[in-house]
Amino acid sequence: MKRIVILISDRGSNMQAIVQCCAAEHWPAQVVAVLANRPDAAGLEFAAARGIATAVVDHRHFPTRESFDTALASAIDVHQPDLVVLAGFMRILGEDFVRRYAGRLLNVHPSLLPAFPGLQTHRRAIEAGCKLAGATVHFVTAAVDHGPIVAQVAVPVLADDDEDALAARVLAREHQLYPLAVRWFVEGRLRVDNGIVTHTGGDPQLL
Ligand code: NHR
């Protein structure tokens, strides 16, 4: 059984989707812990109610990013994960942290990367007049939102969309995309060559 640790900052709706799919689809994996950088992250209750270990590493209690990263890594390593999943985790992680979990650290970002990395991605897509938006699951590297792309999903941008409307349309598809990508990882179906990720069974990596 592969051991998954999920990091959240708030509701962790993608965490919830992964926990539910993992159980319902009998993945060879278990979500062993959900960790948050905020004590009020609502997703902690969801996890605790399902018997999943939870912990908070509050970034505000650390004087530097490095000391936060070190404490977070210690809290993660207690659970000996095979995979660490960022699910709406909102703190940029430093080089040492990323190196420690290289090749076993995933994120979902709500844009069609490499377009619109970083924050306020939906607003920027609308302002640019994009007709297509979406979400990307990628391996996490030191360059934020620039790691090897595992899978993507596309949605239309509609003429009267505001940020919230577009965000909701993208998020609904993230809840399909992210569990699928995590499942591929725990089933050992992903290969990375020169920064290009392929599904070894040839499954489509665009939903
Ligand atoms: N860390 C690394 N090294 N690489 C990535 O690809 C990362 C990462 C940490 C988080 C998620 C990402 C997203 O999906 C993610 C990818 C937050 C910020 C940010 O600017 C940027 C990207 C992402 C998440 N955070 C501010 C900071 O100073 C804090 C913002 C806040 O607390 O609301 O860390 O979008």
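Since the structure is predicted, the reported quantities are computational estimates derived from the model, not experimental observations. Along each chain, numbering runs from 1 in the same order as the chain's sequence is written. Owing to the predicted nature of the model, reporting of local features is limited to residues with pLDDT of at least 70; listing and counting of side-chain atom pairs is limited to 80 or more, with chain, interface and lining totals taken over all residues. With hydrogens and water stripped out, all remaining heavy atoms of the structure feed into the side-chain values.

### Thoughts on the site of the ligand
No. 1: In the vicinity of the ligand there are 18 residues, among which Arg65, Ile92, Leu93, Thr141 and Asp145 approach most closely.
No. 2: Here arginine 65 contributes a side-chain N or O atom positioned 2.5 Å from an oxygen atom of the ligand.
No. 3: Polar contact criterion, stated in full: a pair of N or O atoms within 3.5 Å, where within protein one must be able to donate a hydrogen and the other to accept it, and residues adjacent in sequence count only if both atoms are side-chain atoms. In this structure, leucine 93 approaches the ligand through a main-chain N or O atom, which is 2.7 Å from a nitrogen atom.
No. 4: Reported accessibility uses the Shrake-Rupley method at a 1.4 Å probe radius. Residues are deemed covered only where the shown protein chains occlude them. Contact with the protein chains removes 83% of the 730 Å² of surface that the ligand exposes when unbound.
No. 5: For the shell around the ligand, the leading source of residues is strand β5 (residues 105-109), giving three residues. The near set for a molecule or strand comprises every residue that places at least one heavy atom within 4 Å of it. The way it works is that DSSP assigns letters per residue, a run of H or I at least four long becomes a helix, a run of E at least two long becomes a strand, and they are numbered from the N terminus.

### So, unusual backbone geometry
No. 1: Backbone torsion omega between leucine 113 and proline 114 reads 10 degrees, so that peptide bond is classified as cis.
No. 2: Structurally, the position occupied by proline 114 is in the loop between β5 and α5 (121-127).
No. 3: Phi at glutamine 80 takes a positive value of approximately 45 degrees, unusual for a residue other than glycine.
No. 4: Note that glutamine 80 resides in the loop between α3 (65-77) and β4 (83-86).
No. 5: Phi angles above zero are rare outside glycine, and aspartate 145 is one such case at about 60 degrees.
No. 6: Mapped onto the elements, aspartate 145 comes out in the loop between β6 (132-139) and β7 (149-156).

### Thoughts on the packing of aromatic side chains
No. 1: Classification of ring pairs rests on two measures: the distance between centres of Phe, Tyr or Trp rings, Trp counted by its six-membered ring, which must be within 6.5 Å, and the angle between planes, read as stacked under 30 degrees, edge-to-face over 60 and tilted in between. A complete count under the given rule lists three aromatic pairs for this structure.
No. 2: The aromatic ring of phenylalanine 46 is capped on one face by arginine 50, whose charged end is 3.6 Å from the ring centroid. In our convention, an over-ring charge means Lys NZ or Arg CZ found within 6 Å of a ring centre and within 35 degrees of that ring's normal.

### Focus: the state of the cysteines
No. 1: Cysteine sulfurs are considered disulfide-paired once they come within 2.5 Å of each other. The tally for this structure, following the rule as stated, stands at zero disulfides.
No. 2: Cysteine 22 supplies the cysteine sulfur nearest to cysteine 21, a cysteine that is in no disulfide, at a spacing of 8.8 Å.
No. 3: Classification of residues uses two cut-offs on accessible area relative to the type maximum, computed with a 1.4 Å probe and protein chains only: under 20% is buried, over 50% is exposed, and between them is partly exposed. On the basis of relative accessible area, cysteine 22 is assigned to the buried category, the value being 7%.

### Details of the pattern of salt bridges
No. 1: We define a salt bridge as a side-chain nitrogen of Lys or Arg found within 4 Å of a carboxyl oxygen belonging to Asp or Glu. Under the defined criterion, the tally for this structure stands at 10 salt bridges.
No. 2: The residue aspartate 58 makes a salt bridge to arginine 60 at a minimum N-O spacing of 2.9 Å.
No. 3: Judged by its relative accessible area of 52%, arginine 60 is exposed.
No. 4: One salt bridge in this structure joins arginine 123 and glutamate 127, with 2.9 Å as the shortest N-O distance. In this pair, arginine 123 and glutamate 127 both sit in helix α5, four residues apart, roughly one turn of the helix.
No. 5: Overall, arginine 123 belongs to the partly exposed group, its relative accessible area being 27%.
No. 6: Judged by relative accessible area, glutamate 127 falls into the exposed class, the value being 57%.
No. 7: One network of salt bridges, with partners in common, ties together Glu25, Arg183, Glu187 and Arg189.

### Regarding the layout of surface pockets
No. 1: Each cavity reported here is a set of points on a 1 Å grid over the protein atoms alone in which a 1.4 Å probe fits but cannot get out, each pocket an open set with protein on both sides within 12 Å along at least five of seven lines, and each lining residue one with an atom within 4 Å of a point. Grid points are joined across faces, edges and corners, and a volume is the space filled by probe spheres set on the points. In this model, the largest pocket occupies a volume close to 1000 Å³.
No. 2: Together, 35 residues line the largest pocket, and Gly88, Phe89, Met90, Pro110 and Leu119 are the ones closest to its centre.
No. 3: Among the elements of the structure, α1 (13-24), β5, α5 and α6 (163-186) are those that each provide at least two residues to the lining of the largest pocket.
No. 4: When the residues that make up the lining of the largest pocket are grouped by side-chain class, the tally is 16 nonpolar, 12 polar and seven charged.
No. 5: In this structure, the second largest pocket occupies an estimated 230 Å³ of space.
No. 6: Around the second largest pocket sit 13 residues that line it, and Glu66, Asp69, Thr70, Asp96 and Phe97 are the ones nearest its centre.
No. 7: Those elements that provide at least two residues to the lining of the second largest pocket are α3 and α4 (95-100).
No. 8: At six residues, α3 tops the list of elements feeding residues into the lining of the second largest pocket. Throughout this entry, Asp, Glu, Lys and Arg are counted as charged residues, while Ala, Val, Leu, Ile, Met, Phe, Trp, Tyr, Cys and Pro are counted as nonpolar. The remaining residues, Gly among them, count as polar.

### Let's talk about the environment of valine 170
No. 1: Residue position: valine 170 is located in helix α6.
No. 2: The contact criterion used throughout is that any non-hydrogen atoms of two residues lie within 4.5 Å. The residues touching valine 170, leaving out its near neighbours within four places in the chain, are Pro110, His122, Gly134, Ala135 and Val155.

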